[in-house]
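Structure assessment
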Amino acid sequence: MPCSPASHPHSTLFRLLLEADPSEECIQKYLKDSWCYAALEDDTVIGICVVKPENNKLAELFNIAVSPDCQAKGTGSKLLKFTLDSLKNKGVQRVELGTGTFGYQLAFYQRQGFRVDSIRKNFFLDHYVEPIFEQGIQHKDMLRLVCDLTVE
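All of these numbers come straight from a predicted model, not from anything done at the bench.

Across its full length, the chain holds five helices and eight strands. For the chain, the sequential pattern of α-helices and β-strands runs α-α-β-β-β-α-β-α-β-α-β-β-β. For the chain, the C-alpha radius of gyration of 15 Å lies close to 15 Å, the compact-globule estimate for 152 residues. Taken over the C-alpha atoms alone, the chain extends approximately 35 × 35 × 30 Å along its principal axes. Expressed as a percentage of contacts within the chain between residues at least 6 apart in sequence, the contacts between residues at least 24 apart total 60%.

Looking now at helix α2 (residues 24-31). Turning to α2, its buried residues are Cys26, Ile27, Tyr30 and Leu31. Projected onto a plane normal to the axis of α2, the buried residues spread over an arc of 130° and lie on a single side. Among the exposed residues of α2, those pointing more than 90 degrees away from its buried face are Glu25 and Lys29. Residues of α2 that are buried make contact with α1 (12-18), β2 (44-53), β3 (58-66) and α5 (123-127).

Below, the discussion takes up a negative patch on the surface. A grouping of Glu41, Asp42, Asp43 and Asp69 is seen on the molecular surface, where their side chains present a negatively charged patch. Tracing the backbone shows Asp43 in the loop between β1 (35-41) and β2.

Next up on the list: the nonpolar core. Counting 25 residues, the largest nonpolar core has Leu61, Tyr109 and Phe114 as its most contacted members. Of all the elements in the fold, those that place two or more residues in this core are β1, β2, β3, α3 (75-89), β4 (94-100), α4 (104-111) and β8 (142-148). When neighbours within four sequence positions are excluded, Tyr109 is seen to be in contact with Leu61, Ile64, Leu80, Leu97, Thr99, Phe114 and Leu145. Judged by nonpolar contacts, the second largest core, of 17 residues, contains Leu13, Cys26, Ile27 and Phe123.

Here is what the cut-offs are and how they apply
- Per chain, residue numbering runs from 1 following the sequence as it is written.
- Only residues with pLDDT of at least 70 get local features here, since the model is predicted, and only at 80 or more are side-chain atom pairs given and counted; chain-wide, interface and lining totals rely on the full set of residues.
- Each side-chain value is derived from all of the structure's non-hydrogen atoms; neither hydrogens nor water enter the calculation.
- To qualify as a helix, a DSSP run of H or I must reach at least 4 residues; to qualify as a strand, a run of E must reach at least 2; elements of each kind are numbered from the N terminus.
- Using C-alpha atoms as the atom set, the radius of gyration is obtained and then compared with a globule rule of 2.2 Å times the number of residues to the power 0.38.
- Working rule for contacts: check all heavy atoms of both residues, and any pair within 4.5 Å makes them a contact.
- In this scheme, a residue with accessible area under 20% of its type's maximum is buried, one over 50% is exposed, and one in between is partly exposed, where area comes from a 1.4 Å probe on protein chains only.
- The directions considered for the arc are those from the helix axis to the C-beta atoms.
- Only residues whose relative accessible area exceeds 30% and that take part in no salt bridge are eligible for patches, with like-charged residues grouped when within 9 Å of each other and nonpolar side chains (Val, Leu, Ile, Met, Phe, Trp, Tyr) grouped when within 5 Å.
- Accessible areas in this description were obtained via Shrake-Rupley with a 1.4 Å probe; residue shielding takes into account the shown protein chains only.
- Take a side-chain nitrogen of Lys or Arg and a carboxyl oxygen of Asp or Glu: if they are within 4 Å of each other, that pair is a salt bridge.
- Asp and Glu are treated as the negative residues and Lys and Arg as the positive ones, with His and the ends of the chain left uncounted.
- Throughout, a charge is located at the NZ atom of Lys, the CZ atom of Arg, the CG atom of Asp or the CD atom of Glu.
- Put simply, buried Ala, Val, Leu, Ile, Met, Phe, Trp, Tyr and Cys residues joined by side-chain atoms within 4.5 Å make one nonpolar core.

Laid out in C-alpha cells, this is it:
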C-alpha cells in the first residue's frame, strides 16, 4: 500500500515508524514514493515496513518497526520475510538498507539473509540532530547491508 496515510506526524502509523527512526524529517523524506507493508492483529497495525524502489531491480528498506508490546514474538521476522517475498515477486533482485554498526537489528537483518556491503562513516552524526544511543553507546557510523533476492 502507498505510505501517504502514515505521513502525518501525529498518526498512529507515523508514531510506529518513529520506533525505528527517531527523525520525523528523515521519515518524511523516504515516505514519498515508497511501498508500505503492514502486520495486522485484529485489524490493528502492529508492524510496518517501508521500502522504496530505486529502479525495477533495486529497492531500499528504510524502516521496519513493531509495536513495543508485540516485539520479540516473531512479528518483525514474519513482516520482513513477507516484504522480501513480495519484492521478489515484483521483480526486485536486490534490497539494500542502512543500520547501526551494533545492536539487535544487525543480527535481525543478518538472520534474514542481509550481508554487510559497506560502511558510511559518521552517518548518524551528520544526518541526525539528536544523538542516537543504544545500550549506552552512541551510533556514529552506518553499515550498508544488502540482500540478494536471486539467491535461494
